[in-house]
Protein chains: 4
Amino acid sequence: MSAEPPRLPTTESLIRGRTVPQSFILTLRCRDAVGIVAAAASALASADAFITESSHFGDETTGLFFMRTGFRPTGSRFTTIDDFAEVMAPVVRRFDAELKLHPADARLKVLFAVSKQGHCLNHLLHQWQAGEMPIEVVGVVSNHDDLRSMVEWYGIPYHWLPVGADKAAQEARILHVVRDSGAELTVLARYMQILSDAMCRELQGRCINIHHSFLPSFKGAKPYHQAYERGVKVVGATAHYVTSDLDEGPIIEQDTVRVGHGLTGDAFVRIGKDVESIVLSRAVLWHAEHRVLQNGRRTVVFREGA
Amino acid sequence: MSAEPPRLPTTESLIRGRTVPQSFILTLRCRDAVGIVAAAASALASADAFITESSHFGDETTGLFFMRTGFRPTGSRFTTIDDFAEVMAPVVRRFDAELKLHPADARLKVLFAVSKQGHCLNHLLHQWQAGEMPIEVVGVVSNHDDLRSMVEWYGIPYHWLPVGADKAAQEARILHVVRDSGAELTVLARYMQILSDAMCRELQGRCINIHHSFLPSFKGAKPYHQAYERGVKVVGATAHYVTSDLDEGPIIEQDTVRVGHGLTGDAFVRIGKDVESIVLSRAVLWHAEHRVLQNGRRTVVFREGA
Amino acid sequence: MSAEPPRLPTTESLIRGRTVPQSFILTLRCRDAVGIVAAAASALASADAFITESSHFGDETTGLFFMRTGFRPTGSRFTTIDDFAEVMAPVVRRFDAELKLHPADARLKVLFAVSKQGHCLNHLLHQWQAGEMPIEVVGVVSNHDDLRSMVEWYGIPYHWLPVGADKAAQEARILHVVRDSGAELTVLARYMQILSDAMCRELQGRCINIHHSFLPSFKGAKPYHQAYERGVKVVGATAHYVTSDLDEGPIIEQDTVRVGHGLTGDAFVRIGKDVESIVLSRAVLWHAEHRVLQNGRRTVVFREGA
Amino acid sequence: MSAEPPRLPTTESLIRGRTVPQSFILTLRCRDAVGIVAAAASALASADAFITESSHFGDETTGLFFMRTGFRPTGSRFTTIDDFAEVMAPVVRRFDAELKLHPADARLKVLFAVSKQGHCLNHLLHQWQAGEMPIEVVGVVSNHDDLRSMVEWYGIPYHWLPVGADKAAQEARILHVVRDSGAELTVLARYMQILSDAMCRELQGRCINIHHSFLPSFKGAKPYHQAYERGVKVVGATAHYVTSDLDEGPIIEQDTVRVGHGLTGDAFVRIGKDVESIVLSRAVLWHAEHRVLQNGRRTVVFREGA
């Protein structure tokens, strides 16, 4: 079961006002070599695909090549995702590439996890309802019941899964919701529990956390109060993929905001909320638009509009 | 009739976690002269007031002096707002000053006006509900019915006042709501109607608008599309007091965000929403905390924590 | 005659520490169509060129396509700029494209024009001397003699060309220096004279100005003092190509900085200097690296590292 | 021996264009209590001092009170620094306060320490020469001879003090220059040597370092390369007072700049230079204007124009 946003725009206008019927997004990762772009672009051209957007990056330190291309069919012979998978197959074989193809209007199934603080969730759900976030929200899990009313107002299932003596059992219940809802991405929108190693591994590459500091500064608990004690002049937030190494996963996005000497740690908490919401929201949008590719411990982010 | 935020924290913890029983905020404006700070501070000291926060500014171009002081009584003789009005009376007379005194835990009565876009309202109402905005929301007026459900979920009265043939009549209805609700501040949170001169005059100094451009660039309609046409690399938002001179009122706050060449005017609209919400939210907070003093066409803003 | 930077690093390390022998940069502009990327990339692949960096942009509003590709030869048959011009010739014909090819280690010949303020020039010359700006400084012209000592310390020819009764004659002398020095780009680094229409046309597309405001706000003279009068909370700077329409040319880069109520117009002048220097410096770097392509009244800027 | 900036403006116009004859700056630090502001302001008023600028801060966590007041005499009886020291003496005694008084047009004697990188020094010396930095540059020390020519062009003594086998001897020579030149502040403008504990103690509170990371992230060597390895999306710089605890001294100022996935550690180095220069320059300006007061491990910074 999953929720559609209330007062939804039509599919065509969903992706921010642009009509994108029949468009596709392709991502590709492989060892860098002469001829990759030519091979990929030629394969698409041979199938009468019109490239609407394309970004490449060859990492000289790792020798890896990354590519993201948006295209739309202009002919009648190649029109489906299977058609283009076939068109690209020789390229994949030749370069031993990792290829993904997505319909541009597909909405990624997202499950949110929250605790008591609602600012990140509120921001993301409003964007989703306004048709600005190409996701389908399949549910919200929480170890508290506080945000139920907000979530249910949006018509989204709310799963209250309190943490008791048996934490493993609670995690099992969350993973059950993940599988049951078909969630392709789990977003920890200020979920204040540390995930077990096993759960981190299970969700590897499809779980994004927002940490309320400018990582790697101030890992762990109460980062704003750590920042206050250190006397910093700027605080920040970091969205990253979750790994079993706490607050050490690949960073997707970060941003910062100034703090004056007259602000307390509690004031940092309040002021930081906006930057947390915005940083997490960008990370979810970019992941959902297939703009984020992992590059070892780092990420390649093909930002919209560069 | 007016709404209290659901799940409200106690009054003591309302103003961002600090216990502030019996505190006051004093603002003062007059011609600059020798001895103002001494006179004001001495009057407060003579009444055993402990100053918690104080900011001054003498504008050398206009010769005006501005002051904002937070204080709390430490004795038993002077404890009420009337006591301190009396304590300050000689200072007011001596410097021909404009003095205002507010209990620090008073919540300003605020009426919002919106049209169809809900992002600014959503952001402000969430902050209010989280106890981070020292206001009392007395209602929302709109020329459309779209945001009723969101507003009513917060328990706030929604007044649908469509604009018909007789625009003056609609404005009269809004002003009736203003008076009837006791609103001390009207916030145009993306209200897409131009107010008449009469209405601007009526609400002078107690009406804040968010304009979705970095004023004075791109006044009037469709500023993001004007910005796109001009090829700017940064867009912004401006919160200002409303005057009868369209988009020319005293600016309270502005901020900006970068835009790449690959973004359309419609994308500017979407990306600008966060900066609009944040800029308006700061302006409302600072006005509600009596941090904004008008200085001719400009404003003095004694920012929190400097 | 032209100056080499003193204490110059070797050519290989010039472009920010990367060894780039035999690399090329290609830019291309044409009507958008199916197969452009394929055709260009295939041509390069057929000549054993390894693509190190590539960016594309198709503007849906104008129907134009823009591309910038960095590549290096890996074979022995195609190695020179002429070789690759030949390789690309069929692509140029097929798509009626505008193609440019540059050796990546070529340094653009730049002439600066200044008046009395030296901050932008100081910043750029220091970056140039540190080997961070891929340009060759062929001279500095000025209507004043103030900055001679600074310029000559760098070993650069200084041309003092005062503006007298005959302004056209002075402009003719500047244009003579432009031609004589072989300058490919003229940078107005706070040159406080308005160029004639004829001179603007002559330098079209190869003359960059820094305007000390966030355009289109505050065109013309004394923009910081205009900004102060208007009471803005943020000021900015704009680097743009010069056209005969004053301060209306295509924008390359902009940035902003906050200003408090306690700052005067003179303080804005001082605080704005850093943002002017940085904005102009980025614009010159990006132009010199062939990252900026004109798109009507707007620009496409393929930013380094996106 | 010390250098005056070449082409110096007159003293009156030195402090950024404002005429400030006979003005003073007072800073005060003590336990917070009722009546401090009143006592200080009344003392000044009794001596006919006109307050031009005043900032206070009471730190609720430490119970300390901080104040910075600019004033100018308007009478004929109290005109010198000694007069005002006497006027303030009862306040100092009553509140056991730490008081400092400075002529507003006094220029702080500053010694710079550098290694091979000149960007921070170049930026500061240009501002100083332009009359925007209220300091007197008494010399530059370096463990290398690279920047001699730049420094001597400004007419400033250059002390080449290479680090040999006996590092203590080299530090002793630096401290000799500090004492001999009368330097009131030593600025480590990318000086790439770690100071001994003894030297840190000797210069306590009068030595500012720029660290090329957003502290507390990436302490120690090669912070940009550490940042690159960690995959951050924003890098920064931190100006702080030097203490014997490496990169742990009280922070005066920080700022940040975005970095894309396509930038290498070497590119971070280059891009970070501007933010280093600006952050250090602000810290030196604010220290020289007596705007920075230490508050344990943190600082109070009464920013200009708030």
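Keep in mind the model is a prediction, meaning the values are calculated, not measured.

A word on the overall build of chain A
Right, so step 1: Helices and strands together make up the secondary structure of chain A, namely nine helices and 13 strands.
Right, so step 2: For 306 residues, the compact-globule estimate of 2.2 N^0.38 gives 19 Å, and the C-alpha radius of gyration of chain A, at 21 Å, lies within 12% of that figure.
Right, so step 3: The dimensions of chain A, computed from C-alpha atoms along their principal axes, are 60 × 45 × 35 Å.
Right, so step 4: Residues counted as buried form 51% of the 306 residues belonging to chain A.
Right, so step 5: Contacts spanning at least 24 positions in sequence make up 70% of the contacts within chain A whose residues lie at least 6 apart.

What about the sheet that holds strand 8 (residues 185–188) of chain B?
Residues and elements named next belong to chain B.
Right, so step 1: Ordered by their spatial adjacency, seven strands build an open sheet running 7-6-5-8-9-10-11, and the pairing between neighbours is mixed. The sheet is open, and its two borders are formed by strand 7 (158–160) and strand 11 (251–258), each paired with just one other strand. Taken over all neighbouring pairs, the strand axes of this sheet differ in orientation by 20° on average, direction set aside.
Right, so step 2: The pairing of strand 6 (residues 135–142) with strand 7 spans three bridges and is classified as parallel. Paired with Val140 across the strands is Tyr158, a residue of strand 7.

Quick look at the domain arrangement of chain A
Residue and element names in this part refer to chain A.
Right, so step 1: On domain assignment, one finds that chain A holds domain 1 (22–103) and domain 2 (108–301).
Right, so step 2: In this structure, domain 1 and domain 2 have C-alpha centres spaced 31 Å apart.
Right, so step 3: Of the residues lining the interface, eleven residues belong to domain 1; the matching set on domain 2 comes to six residues.
Right, so step 4: Counting only elements with at least two residues in the side of domain 1 that touches domain 2, the list comes to strand 1 (24–31), strand 2 (49–59), strand 3 (64–73) and strand 4 (98–103).
Right, so step 5: The class makeup of the residues in the side of domain 1 that touches domain 2 is four nonpolar, three polar and four charged.

With respect to the sheet that holds strand 9 (residues 207–211) of chain A
All names here are of chain A.
Right, so step 1: Strand order across the open sheet formed by seven strands is 7-6-5-8-9-10-11, with mixed pairing between neighbours. At either margin of the open sheet sits one strand with a lone partner, and together these are strand 7 (158–160) and strand 11 (251–258). Mean inter-strand twist for the sheet, computed between neighbouring axes without regard to direction, equals 20°.
Right, so step 2: Looking at chain direction, strand 10 (residues 234–241) and strand 11 are connected through seven bridges and run antiparallel. Directly across from Ala237, in strand 11, lies its bridge partner Asp255.

Observations concerning the interface of chain D and chain A
When the parts come together, some accessible area is lost, and that loss is often what is quoted as the size of the interface.
Right, so step 1: Counting from both sides, the interface comprises 24 residues of chain D and, opposite them, 24 residues of chain A.
Right, so step 2: Of all elements in the fold, only strand 11 (251–258) and strand 13 (298–301) of chain D reach the threshold of two or more residues within the side of chain D that touches chain A.
Right, so step 3: A total of five residues in the side of chain D that touches chain A trace back to one element, the largest contributor, which is strand 11 of chain D.
Right, so step 4: When its residues are assigned to classes, the side of chain D that touches chain A shows nine nonpolar, nine polar and six charged.

Side note on the interface of chain A and chain B
Right, so step 1: In this assembly, 21 residues from chain A lie in contact with 21 residues from chain B.
Right, so step 2: Elements with a contribution of two residues or more to the side of chain A that touches chain B: helix 4 (119–129) and helix 9 (265–288) of chain A.
Right, so step 3: Among the elements that line the side of chain A that touches chain B, the one with the most residues is helix 9 of chain A, at five residues.
Right, so step 4: Split by residue class, the side of chain A that touches chain B holds six nonpolar, nine polar and six charged.

Concerning the pairing of strand 10 (residues 234–241) of chain C
All names here are of chain C.
Right, so step 1: Counting buried positions along strand 10 yields seven of eight residues, so the element is predominantly enclosed.
Right, so step 2: Relative to strand 10, strand 9 (residues 207–211) runs antiparallel, the two being bridged by four bridges. Looking at the pairing, Ile210 lines up with Ala239 of strand 10.

Examining the relation of the copies chain D and chain A
Right, so step 1: Mapping chain D onto chain A leaves a residual RMSD of 0.0 Å; the transformation is a rotation of 180° accompanied by 0.0 Å of translation along its axis. Put plainly, the chains are arranged around a two-fold axis. Relative to the rotation axis, the closest C-alpha in chain D is found at D:Ser217, a distance of 2.5 Å.
Right, so step 2: Of the interface residues in chain D, 100% have counterparts in chain A that sit at the interface too, so the contact is made through matching surfaces.

What to know about the environment of D:Leu215
Residues and elements named next belong to chain D.
Right, so step 1: As for its position among the elements, Leu215 is in the loop between strand 9 (207–211) and helix 8 (223–230).
Right, so step 2: Accessibility expressed as a C-beta count within 10 Å gives 24 for Leu215, which makes it buried.
Right, so step 3: Through-space distance from the C-alpha of Leu215 to that of Trp286 is 19 Å; in sequence the pair is 71 residues apart.

Considering the packing of helix 8 (residues 223–230) of chain C against helix 9 (residues 265–288) of chain C
All names here are of chain C.
Right, so step 1: Interaxial distance between helix 8 and helix 9 falls to 8 Å at its minimum, and their mutual angle equals 125°. Taken together, helix 8 and helix 9 sit at an angle that is classed as oblique. Handedness of the crossing formed by helix 8 with helix 9: right-handed. Contacts between helix 8 and helix 9 involve Tyr224, His225, Ala227 and Tyr228 from the first element and Gly265, Phe268, Val269 and Gly272 from the second.
Right, so step 2: Each residue belonging to the contact of helix 8 with helix 9 can be placed in one class, and the counts come to five nonpolar, three polar and no charged.

Things to note about helix 3 (residues 81–95) of chain A
Residue and element names in this part refer to chain A.
Right, so step 1: Between its terminal C-alpha atoms helix 3 stretches 20 Å, which fits the 21 Å expected from 15 residues at 1.5 Å a residue.
Right, so step 2: A maximum bend of about 40° is found in helix 3 at Met88, where proline Pro90 lies one to four positions downstream.
Right, so step 3: If you follow the buried residues of helix 3, they end up packed against strand 1, helix 2 (36–46) and strand 4.
Right, so step 4: Backbone geometry just downstream of helix 3 places Asp96 in the positive-phi region, at approximately 50°.

Structural notes on the environment of C:Ala38
Right, so step 1: Mapped onto the fold, C:Ala38 is located in helix 2 (residues 36–46).
Right, so step 2: On a C-alpha basis, the gap between C:Ala38 and C:Val91 in space is 9.8 Å, while along the polypeptide they are 53 residues apart.
Right, so step 3: When residues no more than four places from it in sequence are discounted, the contact partners of C:Ala38 are A:Ala38, A:Ala41, A:Ser42, A:Leu44 and A:Ala45.

A word on the environment of D:Gly260
Right, so step 1: By the element assignment, D:Gly260 lies in the loop between strand 11 and helix 9 (265–288).
Right, so step 2: Sequence separation of D:Gly260 and D:Ala227 is 33 residues, and the distance between their C-alpha atoms is 12 Å.
Right, so step 3: Not counting chain neighbours up to four residues away, the residues in contact with D:Gly260 comprise C:Gly305 and C:Ala306.

Let's talk about the pairing of strand 8 (residues 185–188) of chain A
Residues and elements named next belong to chain A.
Right, so step 1: Burial along strand 8 is two-sided: the residues Leu185 and Val187 and Thr186 and Leu188 are all buried.
Right, so step 2: When strand 5 (residues 108–114) meets strand 8, the two strands line up parallel, connected through four bridges. Each bridged residue has a counterpart across the sheet, and for Phe112 the counterpart in strand 8 is Val187.
Right, so step 3: Where strand 8 meets strand 9, three bridges bridge the pair, whose relative direction is parallel. Residue pairing for strand 9: Leu188 is matched across the bridge by Asn209.
Right, so step 4: Taken together, strand 8, helix 7 (residues 197–202) and strand 9 form a β-α-β motif whose crossover is right-handed.

Concerning the confidence of the model for chain A
Residue and element names in this part refer to chain A.
Right, so step 1: In this model, chain A carries an average pLDDT of 92, and 93% of its residues clear a pLDDT of 70 or more.
Right, so step 2: With pLDDT under 50 throughout, residues 4–21 is counted as low confidence; its partners more than four residues away or in other chains account for 25 contacts.
Right, so step 3: Interface confidence in the predicted complex, given as ipTM, is 0.91; pTM for the same model is 0.93.

Some thoughts on helix 6 (residues 167–181) of chain C
All names here are of chain C.
Right, so step 1: Over its 15 residues, helix 6 runs 21 Å from end to end, which matches the ideal 21 Å to within 8%, given 1.5 Å per residue.
Right, so step 2: Within the span of helix 6, buried status applies to Ile174, Val178 and Ser181. Along the axis of helix 6, the buried positions cluster into a sector of 90°, meaning they face one direction only. Exposed residues pointing more than 90 degrees away from the buried face of helix 6 are listed as Ala168, Ala169 and Arg179.
Right, so step 3: Gly182 sits one or two positions beyond helix 6 and adopts a positive phi of about 70°.

What counts and what doesn't
Residues numbered from 1 in each chain as written. Chains lettered and ligands numbered in written order. Predicted model: local features only at pLDDT ≥ 70, side-chain atom pairs only at ≥ 80, totals over all residues. Helix = DSSP H or I, 4+ residues; strand = E, 2+ residues; numbered from the N terminus. Rg over C-alpha atoms; globule rule 2.2 N^0.38 Å. Buried ≥ 20, exposed ≤ 12 C-beta atoms within 10 Å, placed from the backbone. Contact = placed C-beta atoms within 7 Å. Pairing = 2+ DSSP bridges. Axes fitted to C-alpha atoms, helices over the stretch in contact; angles between N-to-C directions. Domains from an automatic or database assignment. Nonpolar A, V, L, I, M, F, W, Y, C, P; charged D, E, K, R; others polar. Least-squares fit on C-alpha atoms with pLDDT ≥ 70 in both. Parallel < 35°, antiparallel > 145°, perpendicular 65-115°, else oblique. Left-handed = near helix turned anticlockwise from the far one by under 90°. Expected span 1.5 Å × (residues − 1). Bend = angle between axes of the 7 residues up to and from the residue. Right-handed = clockwise from strand over helix to strand, strands pointing away. pLDDT = per-residue confidence, 0-100. Arc of directions from axis to C-beta.

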